[in-house]
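The residues making up each chain are set out below.
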Amino acid sequence: MTLTVLTLNEKPRLEWRKQLTDIFRDTGDWTVYALPPCIILGESSLYDREIPIGSGIYRCSAEPEWTGYASVLPVIEGVLPQNAENPGLFLSLSQEAAAMDRDITVSVRSAALIEADGTSFRILRQRPLKRDREP
């Protein structure tokens, strides 16, 4: 499957990876590593289209949602493209992913086109995104 995702900035990426590692240790769910820390925009290729990100800061719900192929923490605040399909912070490929203690806030740096097969992923293309300048 091919996914269009928003990759996280360094600090939130490291913090989210630590949380995913804790989930793995607690549950044994290795699928938390099936994708890089990212916000999934959709299964179709949105990569070549304009991807507005506003300030680049997203708040995601603490309650996971199943998209049909992954459990994500749905984006509840932040600018997303209109064509985004069930956008959310990737949590796991397990349908029974546990809820988090609180909402998660992350910032993004780029868009990527990822090929994933459930056990591994490959970044096909990646490009930086520009944030809107606020006064």
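Just above, that's the structure.
As the structure is a computational prediction, the values presented were derived from the model and not from experiment.

Conventions used here
- For every chain, the first residue of its written sequence is number 1, and the numbers climb from 1 along that sequence.
- With pLDDT at 70 or above as the cut-off, local features in this predicted model cover only qualifying residues; side-chain atom pairs require 80 or more to be listed or tallied, and sums for whole chains, interfaces and linings still use all residues.
- Only hydrogens and water are set aside when side-chain values are computed; all heavy atoms of the structure are taken into account.
- Throughout this description, the term nonpolar core refers to a set of buried Ala, Val, Leu, Ile, Met, Phe, Trp, Tyr and Cys residues connected via side-chain atoms within 4.5 Å.
- A simple rule labels every residue: compare its accessible area, found with a 1.4 Å probe on the protein chains alone, to the largest value its type can have, and call it buried under 20%, exposed over 50%, or partly exposed in between.
- Helix numbering and strand numbering both begin at the N terminus, where a helix is a DSSP run of H or I of at least 4 residues and a strand a DSSP run of E of at least 2.
- Every residue pair with non-hydrogen atoms within 4.5 Å of one another is taken to be in contact.
- Here, a salt bridge means any Lys or Arg side-chain nitrogen found within 4 Å of an Asp or Glu carboxyl oxygen.
- Geometry of aromatic contacts follows a simple scheme: Phe, Tyr and Trp rings, the Trp one being its six-membered ring, pair when their centres are within 6.5 Å, and the pair is stacked under 30 degrees between planes, edge-to-face over 60, tilted otherwise.
- Charge over a ring is defined by NZ of Lys or CZ of Arg lying within 6 Å of the ring centre and within 35 degrees of the ring normal.

1. Regarding the nonpolar core
Then comes step 1: Ranked by size, the top nonpolar core spans 28 residues in total, and within it Leu6, Trp16, Ile39, Tyr58, Leu73, Leu89 and Leu91 carry the most contacts.
Then comes step 2: Counting residues per element, the ones that place at least two in this core are strand S1 (2–8), helix H1 (10–27), strand S2 (38–42), strand S3 (57–60), strand S5 (71–77), strand S6 (88–92) and strand S7 (104–116).
Then comes step 3: In terms of residues, this core owes the most to one element, S7, which gives 5 residues.
Then comes step 4: Once you skip the residues sitting within four places of it in the chain, leucine 6 turns out to touch Cys38, Ile39, Leu41, Ile51, Ile53, Tyr58, Val108, Ser110, Ala111 and Leu129.
Then comes step 5: Counting 13 residues, the second-largest nonpolar core is a separate cluster that includes Ala34, Cys38, Val72 and Ile114.

2. Section: the pattern of salt bridges
Then comes step 1: Counting across every chain of the model gives 7 salt bridges.
Then comes step 2: As a salt-bridge pair, arginine 59 and glutamate 77 come within 3.3 Å of each other at their nearest N and O atoms. One end of the pair, arginine 59, is in strand S3; the other, glutamate 77, is in strand S5, and 18 residues separate them in sequence.
Then comes step 3: For glutamate 77, a relative accessible area of 45% corresponds to the partly exposed category.
Then comes step 4: With its nearest N and O atoms 2.5 Å apart, the salt bridge here joins arginine 59 to aspartate 103. On the criterion of sequence distance, the pair formed by arginine 59 in strand S3 and aspartate 103 in the loop between S6 and S7 is long-range, its members being 44 residues apart.
Then comes step 5: For aspartate 103, a relative accessible area of 29% puts it in the partly exposed group.
Then comes step 6: Connected via shared salt-bridge partners are Lys18, Asp22 and Arg25.

3. Notes on the packing of aromatic side chains
Note on aromatic pairs: each is described by the distance of the centres and the angle between the planes.
Then comes step 1: Enumeration according to the criterion identifies 1 aromatic pair in this entry.
Then comes step 2: Note that arginine 127 overlies the ring of tyrosine 47, its terminal NZ or CZ placed 5.0 Å from the centroid.

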